[in-house]
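Reading the structure
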Amino acid sequence: MSLPRKELFDLPEGVIYLDGNSLGPMPKCVPARLAEVAEQEWAGELIKGWNSCDWMGQPARVGDRVAGFIGAPKGSVTMGDTLSIKVFQALSAALEMRPERKVILSDTGNFPTDLYMAEGLIALKDAGYELRLVEPEKVAEAIDESVAAVMLTEVDYRTGRKHDMVALTEAIHAAGAVSIWDLAHSAGAVEVDLEAAGCEFAVGCTYKYLNGGPGAPAFIYVRPDLIDTVQPALSGWLGHRAPFAFELGYAPGDGIERMRIGTPPVLQLSALEAALSVWEGVSMSEVRAASISLSETFIREVEARCPELTLISPRDALQRGSQVSFAFEHGYAAMQALIARGVIGDFRAPNVMRFGFTPLFLEERDVLAAVDILEEILSTRAWDQPEFMTRSRVT
Ligand SMILES: *Cc1c(COP(=O)(O)O)cnc(C)c1O
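Residues numbered from 1 in each chain as written. Predicted model: local features only at pLDDT ≥ 70, side-chain atom pairs only at ≥ 80, totals over all residues. Heavy atoms only, no water.

Description of the overall build of the protein
Along the protein, the regular secondary structure elements total 12 helices and 15 strands. Taken over the C-alpha trace, the protein has a radius of gyration of 22 Å; the compact-globule value for 395 residues is 21 Å, and the two agree within 12%. Oriented by its inertia axes, the alpha-carbon framework of the protein measures out at about 70 × 55 × 40 Å. Of the roughly 16,300 Å² of accessible surface on the protein, 55% is carried by carbon and sulfur atoms. Computed over 35 positive and 55 negative side-chain charges, the separation of the two mean positions in the protein equals 2 Å. (Helix = DSSP H or I, 4+ residues; strand = E, 2+ residues; numbered from the N terminus. Rg over C-alpha atoms; globule rule 2.2 N^0.38 Å. Areas by Shrake-Rupley, 256 points an atom, 1.4 Å probe, with all protein chains shown as cover. Lys, Arg positive; Asp, Glu negative; His and termini not counted. Charge placed at Lys NZ, Arg CZ, Asp CG, Glu CD.)

Observations concerning the sheet that holds strand β8 (residues 178-182)
A sheet is described by the order of its strands in space; here seven strands give the open sequence β4-β10-β9-β8-β7-β5-β6, paired in mixed fashion. Two strands close off the open sheet at either side, each with one partner strand: β4 (77-80) and β6 (130-134). Each strand axis lies, on average, 20 degrees off the axis of its neighbour in the sheet, ignoring direction. Of the pairings in the sheet, the one linking strand β5 (residues 103-107) to strand β7 (residues 147-153) comprises three bridges and is parallel in character. Within the sheet, the bridge partner assigned to I104 lies in β7 and is A149. The sheet contacts of helix α5 (residues 112-125) involve β5, β6, β7 and β8, and relative to β6 the element is tilted by about 155 degrees. (Pairing = 2+ DSSP bridges. Axes fitted to C-alpha atoms, helices over the stretch in contact; angles between N-to-C directions. Contact = heavy atoms within 4.5 Å.)

What to know about the side chain of E200
Here E200 shows up in the loop between α8 (194-197) and β9 (201-204). Take E200: its relative accessible area is 4%, and that puts it in the buried class. Among the polar contacts listed, one links the side chain of E200 to the side chain of H173, at a separation of 2.9 Å. Within polar-contact distance, the side chain of E200 engages the side chain of S179 at 2.8 Å. (Buried < 20%, exposed > 50% of the residue type's maximum accessible area, 1.4 Å probe, protein only. Polar contact = N/O pair within 3.5 Å; in protein donor to acceptor, adjacent residues only side chain to side chain.)

So, the packing of aromatic side chains
Applying the stated criterion across every chain yields a total of 13 aromatic pairs. Taking 6.0 Å as the distance between ring centres and 20 degrees as the angle between the ring planes, the aromatic pair formed by W237 and F246 counts as stacked. Assessed through its relative accessible area of 56%, F246 is described here as exposed. With centroids separated by 5.9 Å and ring planes inclined at 85 degrees, the aromatic side chains of F328 and W383 adopt a geometry described as edge-to-face. Linking F328 in the loop between β12 (323-327) and α11 (331-340) with W383 in the segment after α12 (364-379), this pair joins segments that are 55 residues apart in sequence. Residue W383 is classed as buried on the basis of its relative accessible area of 2%. Put simply, the rings of F298, F326, F355 and F357 pair up and form one aromatic cluster. We note K208 situated over the ring of F111; from NZ or CZ to the ring centre the distance is 5.5 Å. (Phe/Tyr/Trp six-rings, centres within 6.5 Å; stacked < 30°, edge-to-face > 60°. Lys NZ or Arg CZ within 6 Å of the ring centre and 35° of its normal.)

Encoded structure:
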């Protein structure tokens with residue numbers, strides 16, 4: 001089976017879903033697997049399930065599956081918590097590796113929670129650390145020998161601009177700093193080769209392109225040569241060398257296990273594990289090629305037919321992730337009007353209409369149909385209605 005494989009997804013009739021970059025749709029196999037885990041494993045096995053169903057091994061097992069999407073070897077990725085927490089963990093471990101340096105470098109395109117977590121860590125350490133933010137284009141020149149860690153998100157959530165991970169990691173290492181890459185908009189969207197990039201840490205979430213469902217756990221990667229020496233700041237019992245020895249003092253576990261914290265989210269991990277089956281038999285290079293083709297069609301058609309919108313994503317496909325963003329003064333209302341007509345994208349303040357391209361369930365005719373509806377909404381000003389102006393809690 002090749003692309004698209006829409007029949008594997010449960011999508012409402014008549015919806016064109018251009019928001020798989022924010023919350024992936026549900027693969028049809030997930031509910032049955034969740035019911036099985038609830039009814040047979042949880043209800044049937046009770047606490048025995050930790051062993052008999054290997055719930056305890058789930059973070060490593062699913063981590064190995066996720067590793068395949070990001071060019072990481074088996075045993076270098078574990079699952080759990082949310083991405084914000086994994087950012088904190090990776091960053092604190094990175095700072096421990098360069099205790100004499102006090103600068104964390106990031107860019108103004110980074111996702112706010114990554115920056116907030118850095119601020120929180122700096123306040124907690126209370127040791128003169130500084131979070132230095134530069135524009136995304138200025139990162140390379142800002143890396144100097146004062147920098148302990150460079151923390152970047154490969155694909156900008158707002159514009160889709162994609163950093164050159166290999167080149168920047170090389171520059172980070174040349175300055176003696178540690179690299180942390182956030183792959184939230186990369187895993188399942190673009191080809192990632194962590195082994196080739198050589199970065200020390202990578203983190204990401206699984207509810208976006210990997211379709212793990214709302215609240216699906218995050219992942220963390222540690223470069224294999226560091227895995228047995230990094231200091232996990234969040235020293236929970238399941239990252240302990242021997243959790244069931246119940247020792248009074250913490251001793252980090254072997255390998256990537258030390259990046260675990262507490263009890264794994266078994267139901268969410270089961271949903272994710274089942275959801276990953278939709279990728280069977282397709283390579284990331286095929287997905288990337290199809291995503292570029294869909295994105296190029298979208299840009300070409302929107303620019304030809306919707307002059308009100310301004311492209312803010314890079315025009316060069318190789319410098320973009322798997323999303324395309326347009327600025328429009330009335331972007332919020334226009335997006336609500338689109339959603340009311342079954343074309344679901346999203347909006348990011350102050351004026352960004354964001355569209356994700358996910359070739360597992362989208363094809364060219366969906367993109368063309370979406371542009372037809374967008375053109376109609378703009379040319380008739382159908383968005384100019386009070387019902388489309390009220391902002392919801394989540395945009
Ligand atoms: C989606 C996203 C997050 C979300 O973090 P959670 O803790 O899972 O809510 C964080 N960082 C980036 C770059 C993201 O794109």
